[in-house]
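Topology and contacts: notes
Letter by letter, the chains look like this.
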Amino acid sequence: MVYCFGQSKVSRCVKYVVQAGFKFCRWISLKCAAEPCEPSCPVPNQNIPAPTAAAPGSGGPSALAPGTSGGAIPAHHSPYDLRRKSPSHHDGPGPSTSAATAGSPTSPATPTAPAQGYTSAMLPARKRPRRTCSASFENCTNTAAHYLQYELPDEVLLTIFNYLLEQDLCRVSQVCKRFQAIANDTEIWKRLYQSVYEYDLPLFNPGPCVFQFVSPEESDLANPWKESFRQLYRGIHVRPGYQDLTFKGRNLVYFNTIQAALDYADERSGSNSTTGSVSGSSSHSEGTNQGALIFLHAGTYRGEFLVIDDSDIALIGAAPGNVAESVILERESESTVMFVEGAKNAYCGHLTLKFSPDVTSTVPHHKHYCLEVGENCSPTIDHCIIRSTSVVGAAVCVSGAGANPVIRHCDISDCENVGLYVTDFAQGTYEDNEISRNALAGIWVKNNANPIMRRNHIHHGRDVGIFTFDSGMGYFEANDIHNNRIAGFEVKAGANPTVVQCEIHHGQTGGIYVHENGLGQFIDNKIHSNNFAGVWITSNSNPTIRRNEIYNGHQGGVYIFGEGRGLIEHNNIYGNALAGIQIRTNSDPIVRHNKIHHGQHGGIYVHEKGQGLIEENEVYANTLAGVWITTGSSPVLRRNRIHSGKQVGVYFYDNGHGKLEDNDIFNHLYSGVQIRTGSNPVIRGNKIWGGQNGGVLVYNGGLGLLEQNEIFDNAMAGVWIKTDSNPTLKRNKIFDGRDGGICIFNGGKGILEENDIFRNAQAGVLISTQSHPILRRNRIFDGLAAGVEITNNATATLESNQIFNNRFGGLCLASGVQPIVRGNKIFNNQDAVEKAVANGQCLYKISSYTSFPMHDFYRCQTCNTTDRNAICVNCIKTCHAGHDVEFIRHDRFFCDCGAGTLTNQCQLQGEPTQDTDTLYDSAAPMESHTLMVN
């Protein structure tokens, strides 16, 4: 249908139709309130229960459809035919056109006179009753009803309905299905909703203390604006300037102050009355089971003293945009908002709370807070902004037994004191809050308080992030704690928190600091990028540090000092600038099942009388030693895998002691174990292999007991003993070395008892340069060179040893060597050197330049050889026959003539082999350089 009226005619027509339609729809809505529809028009997504009594002062019944009180619905006529069949059927006077018209159309925001009251026995008010309806009126009415219901365009009806408020709109929707469809238009309800509540999105109240904004696009409801309107319609409004205004078709209560609204809520609660409902049921379930709902509209409310003791009252901000920023409650003395005993299910949400005490005031306010929750109450604080300029106390205080609030999605920031303070047996749940830039700790927990804190963001504080002390407890899960000036998490004085799945990082000092008998469980956290140690434990504290990632610290990973203890278990510790774990000053932790790797320093550093049980860890790929033990320390290391380090595996120095038992120590760039400068460890039952600089190096006065170890496949000697060191080696197996078995030189000593030394590439035992060890009851066999070689003015005591099946010979003594030899069995050695000499062979043929067979060696003056060169006896006889030669001594060497390093080619050897200068001893081991780090 197309309308082509002129502009003036269209304007007059639309004005007439809208005015007439509005009056008629108003009459229809009131008629529907007086007589229920058949069939009734349900509100979408809702089964409409029976209504309850109307609230005092309402403009009509509390339900605008259907109008029964709970019994069977009486017989009535359909609203689609607005005529009575005969005057005798009327219970009262019939309607009139003027009576059906409630006045000119008005905007929902425009106040008008209160609507007249109607009951089921009354028609719309008029000046005087009429006894009968004329036929012409009935025909007129019938024609108008038919036109409105069937012929009036939807656009015009939509315009008419836009002039109705919520209660009339619900009544009209029950006239017919067409009215219902148009009256449920989302834009109409969005406009109504935003004119009342001011929110940008629908707000739903699905249960006590739960308010949720939902985007219309994400809602499953056909009309989320209407459903939100319905759920919130029971609310009381604090909106300055609206208290004395009333609206036809609206049943809302307005006040200018919060206290007046609270007083009204108390009175209404005492009388058990409720406000009307917009939905078609006088009281939805949340309207009857929940307490008063008070909306605080945009503005700053100063000086109101709010003490909430109602069990289920709800205060919520109402404003467009960021709601909390627009609704501000502020005080200069006392606490801004207090929840006291009785506030079991109270709610406070989407508000800004400020405590701004006068700095010039003499009234103390150290016990006053922005938000205070007392004992035996459990309110919900949701989406609030909380600020305090008080330099003492805290912004939020939760105190006392039974204090159990829910504080979530709040912003507690920029306060000049502590952000959140939980104390004196209080509990509570604190979730998804922003706690930042506070002058003191972000959170204090003390005096047996035991809160649950999840997913909070605690950062950039000017003190510690979270501080638990004086027996404080708590469960802290999935919090992000970073960039605080002191530790991210501090535990002190008997506090015992549980901290799981948190990220504690970029602290300006440390990550976690546990001291003064602190406890706690730190599980599955990420602790990284802190300026000091990731975890500090000191002064008799005993926390559990379990399954954490501790990495990229600017100093160490875990630092235990000052008699600290603790269980350090199943952690992944890597990439720290200093030691992965440092133990010092009488500390005695348990360290087990950790991975400690890729540190820029050592793996584990124990010093200054540190102790500890260190077992079943994997320590690998660290820049310095895998484990350092020094300065009177005596830890116990058992069943660890210490490998692939860039220096030493385990390093004992400067009186480092302790036990090293049943460990696997392998593939280090230096030796597997080094012992020096008075250190005296017990090294028992270990497997030590793959060291590029030997298995065990004992030097510079080192001691130690090496017992029942397997030392094998090392690139240099299995055990080095030198420079006045004096270890004891018992019942070890030293084999398959790529150099010698045991090398003792430069004044080394030692007691070697009951060891099996076999299948080594060089001498089973080499004793050189003023050394004097004692060898008892050892078995030295199957070596690829000599069994025992003693050279360079060294000596030894050899008692009851078995030396057999070695290639070059059993016991080989250089010139001038006179050892003490008693009860040894030397047998079945291959004597390859003597056989080669007897056969006229060059000794280089059996040794190449990798071995040093012991025999007579010479120097040729004619060939101008130096003291660095040696020539075997057969080369002297053949290659240097007739030359001026000199016998030097009986000692270890390889033949330079056979190696091709002299001017004349060897006649007993094939092609010359390029070689370096001859060294009469095996290559010296690399020693670690001590780096003292505190």
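Residues numbered from 1 in each chain as written. Predicted model: local features only at pLDDT ≥ 70, side-chain atom pairs only at ≥ 80, totals over all residues. Heavy atoms only, no water.

**A short note on the packing of aromatic side chains**
Note the following rule: The rule is short: rings of Phe, Tyr and Trp, with Trp giving its six-membered ring, pair when the centres are within 6.5 Å, and they are stacked under 30 degrees, edge-to-face over 60, tilted in between. Buried means the residue's accessible area, taken with a 1.4 Å probe over protein chains only, is under 20% of the maximum for its type, while exposed means over 50%, and partly exposed covers the values in between. Strands here are runs of E lasting at least two residues and helices are runs of H or I lasting at least four, both read from the DSSP assignment and numbered beginning at the N terminus. Any Lys NZ or Arg CZ found within 6 Å of a ring centre and within 35 degrees of that ring's normal is scored as a charge over the ring.
If you walk through the whole model with that rule in mind, you get 41 aromatic pairs. Taken together, a centroid distance of 5.3 Å and an interplanar angle of 45 degrees make the contact between Tyr-193 and Tyr-197 tilted. Of the residues examined, Tyr-193 reaches a relative accessible area of 0% and is grouped as buried. With relative accessibility at 0%, the residue Tyr-197 sits in the buried group. The interplanar angle of 5 degrees and the centroid separation of 4.3 Å between the aromatic rings of Phe-666 and Trp-689 together place this pair among those described as stacked. Of this pair, Phe-666 sits in strand S51 (residues 664–666) while Trp-689 sits in strand S54 (residues 687–689), and the two are 23 residues apart along the sequence. What makes Phe-666 buried here is its relative accessible area of 8%. Positioned above the aromatic ring of Tyr-242, the side-chain terminus of Arg-239 is 4.4 Å from the ring centre. Stacked on the ring of Phe-247, the Lys or Arg Arg-250 has its end atom at 5.4 Å from the ring centre.

**Topic: the pairing of strand S1 (residues 203–207)**
When a strand is regular, its side chains alternate between the sheet's two faces. To keep it simple, the criterion reads: Any two strands with at least two DSSP bridges between them are considered paired.
Of all five residues in S1, four are buried, a share of seventy percent or more. Across three bridges, the pairing between S1 and strand S2 (residues 210–213) is antiparallel. When the sheet's bridge partners are listed, Gly-207 is paired in S2 with Val-210. The turn linking S1 back onto S2 is made up of two residues, and Cys-209 within it adopts a positive phi angle of 65 degrees.

**Considerations on the nonpolar core**
For clarity, the cut-off: As used here, the term nonpolar core means buried Ala, Val, Leu, Ile, Met, Phe, Trp, Tyr and Cys residues forming a set that is joined through side-chain atoms within 4.5 Å. Pairs of residues are marked as contacts when any of their non-hydrogen atoms sit within 4.5 Å.
Phe-161 and Phe-339 are the most contacted members of the largest nonpolar core, which totals 187 residues. Ranked by residues supplied to this core, first place goes to helix H7 (residues 186–196) with five residues. Contacts of Phe-339, omitting those with residues within four sequence positions, involve Ile-308, Ala-346, Cys-348, Leu-371, Glu-372, Val-373, Gly-374, Cys-377, Pro-379 and Ile-381. Core analysis: the second largest hydrophobic core is formed by 18 residues, Tyr-605, Trp-628, Tyr-670 and Cys-743 among them.

**Digging into helix H8 (residues 224–232)**
Across the nine residues that make up H8, a large majority, nine, are buried. Within H8 the residues assigned to the buried category are Pro-224, Trp-225, Lys-226, Glu-227, Ser-228, Phe-229, Arg-230, Gln-231 and Leu-232.

**Regarding the pattern of salt bridges**
Formally: Only one rule defines a salt bridge in this text: a Lys or Arg side-chain nitrogen within 4 Å of an Asp or Glu carboxyl oxygen.
Applying the stated criterion across every chain, the model contains 37 salt bridges. Of the charged contacts, one joins Glu-227 and Arg-230 as a salt bridge, the two residues approaching to 2.2 Å between their closest N and O atoms. Note that Glu-227 and Arg-230 are positioned in helix H8 at a spacing of three residues, about one turn of the helix. The same class applies to Glu-227 as to Arg-230, namely buried. Close ionic contact of Arg-684 with Glu-707 constitutes a salt bridge, the shortest N to O distance being 2.9 Å. One end of the pair, Arg-684, is in strand S53 (residues 682–684); the other, Glu-707, is in strand S56 (residues 705–707), and 23 residues separate them in sequence. Among the charged side chains, a network of salt bridges with common partners joins Arg-638, Glu-661, Arg-684, Glu-707, Arg-731, Glu-754 and Arg-777.

**Regarding the confidence of the model for the protein chain**
Heads up, the rule is: Per-residue confidence from the predictor is reported as pLDDT, a score between 0 and 100.
Per-residue confidence for the protein chain averages 83 on the pLDDT scale, and 79% of its residues sit at or above 70. In the model, residues 911–923 has pLDDT below 50 throughout and makes 39 contacts with residues more than four positions away in sequence or in other chains. This model gives residues 930–934 a pLDDT under 50, and the stretch forms 19 contacts once residues within four places in sequence are excluded.

**Considering the environment of Pro-379**
Mapped onto the secondary structure, Pro-379 falls in the loop between strand S13 (371–373) and strand S14 (380–382). For Pro-379, the contacting residues outside a window of four places in its chain are Phe-339, Ala-343, Lys-344, Ala-346, Val-373, Pro-405 and Val-406.

**Re helix H4 (residues 154–161)**
Put simply, the test is: Our arc is simply the arc of the directions from the helix axis toward the C-beta atoms.
Within H4 the residues assigned to the buried category are Leu-157, Ile-160 and Phe-161. The buried residues of H4 occupy an angular sector of 95 degrees when projected down its axis, which confines them to one face.

**Let's talk about the packing of H7 against H8**
A pair of packed helices can be characterised by two numbers: the angle between their axes and the separation between those axes. Condition: Only the stretch in contact is used when fitting a helix axis, every axis being a line fitted to C-alpha atoms; angles between N-to-C directions are given from 0 to 180 degrees. Two helices crossing with the near one rotated counterclockwise from the far one by less than a right angle form a left-handed crossing, whereas a clockwise rotation gives a right-handed crossing.
Here H7 crosses H8 at 35 degrees, and the two axes come no closer than 8 Å. For the pair H7 and H8, the crossing hand works out as left-handed. Between H7 and H8, the contacting residues are Thr-186, Trp-189, Lys-190, Leu-192, Tyr-193, Gln-194 and Val-196 on the first element and Trp-225, Lys-226, Ser-228, Phe-229 and Leu-232 on the second.

**Quick notes on unusual backbone geometry**
Not every positive phi belongs to a glycine, and Asp-432 is a case in point at roughly 60 degrees. Within the secondary structure layout, Asp-432 lies in the loop between strand S20 (429–431) and strand S21 (434–436). Asp-432 gets classed as partly exposed once you look at its relative accessible area, which sits at 27%. Its identity as a non-glycine residue notwithstanding, Arg-455 has a phi of 55 degrees, on the positive side. Of note, Arg-455 is situated in the loop between strand S23 (452–454) and strand S24 (457–459).

**Comments concerning the environment of Pro-240**
If you trace the backbone, Pro-240 turns up in the loop between strand S3 (236–238) and strand S4 (253–255). Relative accessible area serves as the criterion here: at 47%, Pro-240 is assigned to the partly exposed category. When the C-alpha positions of Pro-240 and His-297 are compared, they lie 8.2 Å apart, and in sequence the two are 57 residues distant. If sequence neighbours within four positions are ignored, Pro-240 has contacts with Phe-255, Asn-256 and Tyr-301.

**A short note on the sheet that holds strand S74 (residues 871–872)**
Sheet strands line up and pair through hydrogen bonds in the backbone, either parallel or antiparallel. Here three strands make up an open sheet; going across it, the order is S74-S73-S75 and the pairing antiparallel. The sheet is open, and its two edges are formed by S74 and strand S75 (885–892), each paired on a single side. Bridge analysis of strand S73 (residues 854–860) against S74 gives two bridges, and the strand direction is antiparallel. When the bridges of S74 are listed, Tyr-858 appears paired with Ile-871.

**Comments concerning the pairing of strand S49 (residues 650–653)**
Side chains Val-650 and Phe-652 of S49 all project onto a buried face; the interleaved residues Tyr-651 and Tyr-653 project onto the opposite face, where all are buried too. In the sheet, strand S46 (residues 627–630) pairs with S49 via four bridges, with the strands oriented parallel. Each residue of the ladder has a partner; that of Trp-628, found in S49, is Tyr-651. Pairing geometry for S49 and strand S52 (residues 673–676), over three bridges, is parallel. Along S52, the bridge assignment pairs Val-650 with Val-673.

**Notes on a negative patch on the surface**
So the rule is basically this: A residue counts toward a patch only above 30% relative accessible area and without a salt bridge, and it is joined to like-charged neighbours within 9 Å or, for Val, Leu, Ile, Met, Phe, Trp and Tyr, to nonpolar neighbours within 5 Å. Areas reported here follow the Shrake-Rupley algorithm with a probe of radius 1.4 Å; residue values treat only the protein chains shown as occluding. In this tally, Lys and Arg are treated as positive and Asp and Glu as negative; His is ignored, and so are the chain termini. Where a charge lies is defined by one atom per residue type: Lys uses NZ, Arg uses CZ, Asp uses CG and Glu uses CD.
On the surface, Asp-263, Asp-266, Glu-267 and Asp-309 cluster together into a patch of negative charge. For Asp-309, a relative accessible area of 48% corresponds to the partly exposed category.

**Regarding the side chain of Glu-166**
As a reminder of what qualifies: Under the rule applied, a polar contact is a pair of N or O atoms within 3.5 Å (in protein, one hydrogen donor and one hydrogen acceptor; residues adjacent in sequence only if both atoms are side-chain atoms).
For Glu-166, the location among the structural elements is in helix H5 (residues 166–172). In this structure the side chain of Glu-166 is engaged in a polar contact, spanning 2.8 Å, whose partner is the side chain of Tyr-233.

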